[in-house]
Amino acid sequence: MTKRKFEDGSTTHSAPSHSDLVNADSSVFVAVPNCPTDLIFALDGAYSADTHPKKVNLTIGAYRDENGDPWILPVVRKAKEIVMNDPTINHEYLRMDGLRSFTDASAKIILGSGSPAIKENRFAGVQSVSGTGAVHLGASFLGEFKSDADVYVSDPTWGNHPDIFKTAGFIPKKYNYWDAKTRGLAFDDFLSTLETAKDGSIFVLHACAHNPTGVDPTQDQWKKIAEVMKAKKHFPFFDCAYQGFASGSLEKDAWAVRYFVDAGFELFVAQSYSKNFGIYSERCGSLTVVTSSEEQAVNVRSQLCKHNRQSISTPPAFGARIVSAVLNDKDLFSEWEENLRTMSSRIIRMRQECVRHLTELKTPGTWTHITSQIGMFSFTGLTPAQVQVLRDKFHVYLIPNGRISVAGLNERNVRWFAEAVDWAVRNA
């Protein structure tokens, strides 16, 4: 307690200071360490602060147009107008499992409208806070009902996968996915882990456009993966963030999931609409579940609703209404498919241009893996030292493992990027 003196000579006691009341050493938070900033967002911040006129941002997994700007899909603009002008829409809570017209349509585009799971009504779709929320929702469910199982994630994988499953109570294990020598799939290592893993393990699989490598199994390889998983009673947990965005075909990008369903698997599919609708900030996703019976689907839905209630109560409506408007209208759906082809074809063209420039420069090494990979990302094979040179000397930003977001390349900067890679490979 301290005294304050006024001009007339009187004094009064002031309120005790914070330090008088709380001893820092006894604080509840004294043992809380600072959490390191997410690497990708930190690099994105460094890029924003960089004033170099030729700087290039290949960190964030978000689509950019030929001018390097975010692209609002024309079909999304139309759907937003429809939603905003619908007099029946209000701001009431959605149900705990979300907007049913959205989740049912989501199940149909990933499983196929003719899927046996759809026809037999043995599926459930529960809305989530984008794909991240869908993975988290599924992991939380498995942490309650399959906590004795081992969980395997690919090495490498999306950085959030291990942390989400840790939060759900698992200690994730890894299966080798990337072959650094061939810059392709380590298929034999993958199969070996499937065969030696404890029966009934959970395997997190990337449905298409593997993040971060851009390397997907062939259809024949998927069939072999399914064969081994079936024999070992493993549970497939697909993460599908790029359907339609990867190849430009919704059907092609859903092939692996549909094959597993046709082969008789029960499974989870986490679906995100951030990339293929470009509505990143709306956080729109769904967890689609395939069970063995209609009764099981009802029960699983009820438990997932419980988990939603405990974490987000009910999911957000706006993004789901936009996607629902498109998925349930024939003309808008066709326009969306055309928008998907626009995005995927530009990324494919940038892959080709990148390899063309590296070939013209006679850059040491082989670079054809850039065009054989698919989707948003390419695992270039650049070393951390080379990546640092790209940033320090050429103002090109990518994460240390050499992954680039190909969507960040365009006709104006792809040559600059290739020249930077050429210099780094020769000198770093």
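Residues numbered from 1 in each chain as written. Predicted model: local features only at pLDDT ≥ 70, side-chain atom pairs only at ≥ 80, totals over all residues. Heavy atoms only, no water.

A description of helix α18 (residues 414-427) should follow, citing residues and the corresponding values.
Relative to the 20 Å expected for 14 residues at 1.5 Å per residue, α18 spans 20 Å between its end C-alpha atoms, a close match to the ideal helical length. Taken together, the buried positions of α18 are occupied by Val-414, Trp-416, Phe-417, Ala-418, Ala-420, Val-421, Asp-422, Ala-424 and Val-425. Along its buried surface, α18 packs onto β3 (56-57), α15 (330-360), α17 (384-394), β14 (396-397) and β15 (403-405). (Helix = DSSP H or I, 4+ residues; strand = E, 2+ residues; numbered from the N terminus. Expected span 1.5 Å × (residues − 1). Buried < 20%, exposed > 50% of the residue type's maximum accessible area, 1.4 Å probe, protein only. Contact = heavy atoms within 4.5 Å.)

Now, about the sheet that holds strand β12 (residues 284-290): what can you tell me, with residues and values included?
Pairing in this open sheet of seven strands is mixed, and the strands run β4-β12-β11-β10-β9-β5-β6 from one edge to the other. Either end of the sheet is taken by a strand with one partner, and the two such strands are β4 (123-129) and β6 (173-176). Each strand of the sheet is rotated relative to its neighbour by a mean of 25°, with strand direction disregarded. As judged from the four bridges shared by strand β5 (residues 151-155) and β6, these two strands associate in the parallel manner. Paired with Asp-155 across the two strands is Asn-176, which belongs to β6. Along the sheet, helix α4 (residues 100-111) makes contact with β4, β10 (235-240), β11 (267-272) and β12, crossing β12 at roughly 65°. (Pairing = 2+ DSSP bridges. Axes fitted to C-alpha atoms, helices over the stretch in contact; angles between N-to-C directions.)

Tell me about the packing of aromatic side chains, residues and numbers included.
All chains considered together, the criterion is met by 28 aromatic pairs. When the ring of Tyr-152 is compared with that of Phe-203, the centres are 4.7 Å apart and the planes differ by 5°; the resulting orientation is stacked. Remark: Phe-203 occurs in strand β9 (residues 202-206) and Tyr-152 occurs in strand β5; sequence separation between them is 51 residues. The burial state of Tyr-152 is the same as that of Phe-203; both residues are buried. By way of ring pairs, the aromatic residues Phe-141, Phe-145, Phe-165, Phe-170, Phe-235, Phe-237 and Phe-268 are connected into one cluster. Note that Lys-230 overlies the ring of Phe-265, its terminal NZ or CZ placed 4.9 Å from the centroid. When the ring centre of Trp-423 is taken as origin, the NZ or CZ atom of Lys-393, which lies over that ring, is 4.8 Å away. (Phe/Tyr/Trp six-rings, centres within 6.5 Å; stacked < 30°, edge-to-face > 60°. Lys NZ or Arg CZ within 6 Å of the ring centre and 35° of its normal.)

Before we move on, can you summarise the environment of Glu-294 with the specific residues and values?
One can find Glu-294 in helix α13 (residues 294-311). The class for Glu-294 is partly exposed, based on a relative accessible area of 44%. Residues Glu-294 and Glu-120, spaced 174 residues apart in sequence, show a C-alpha to C-alpha distance of 7.1 Å. For Glu-294, the contacting residues outside a window of four places in its chain are Glu-120, Asn-121 and Arg-122.

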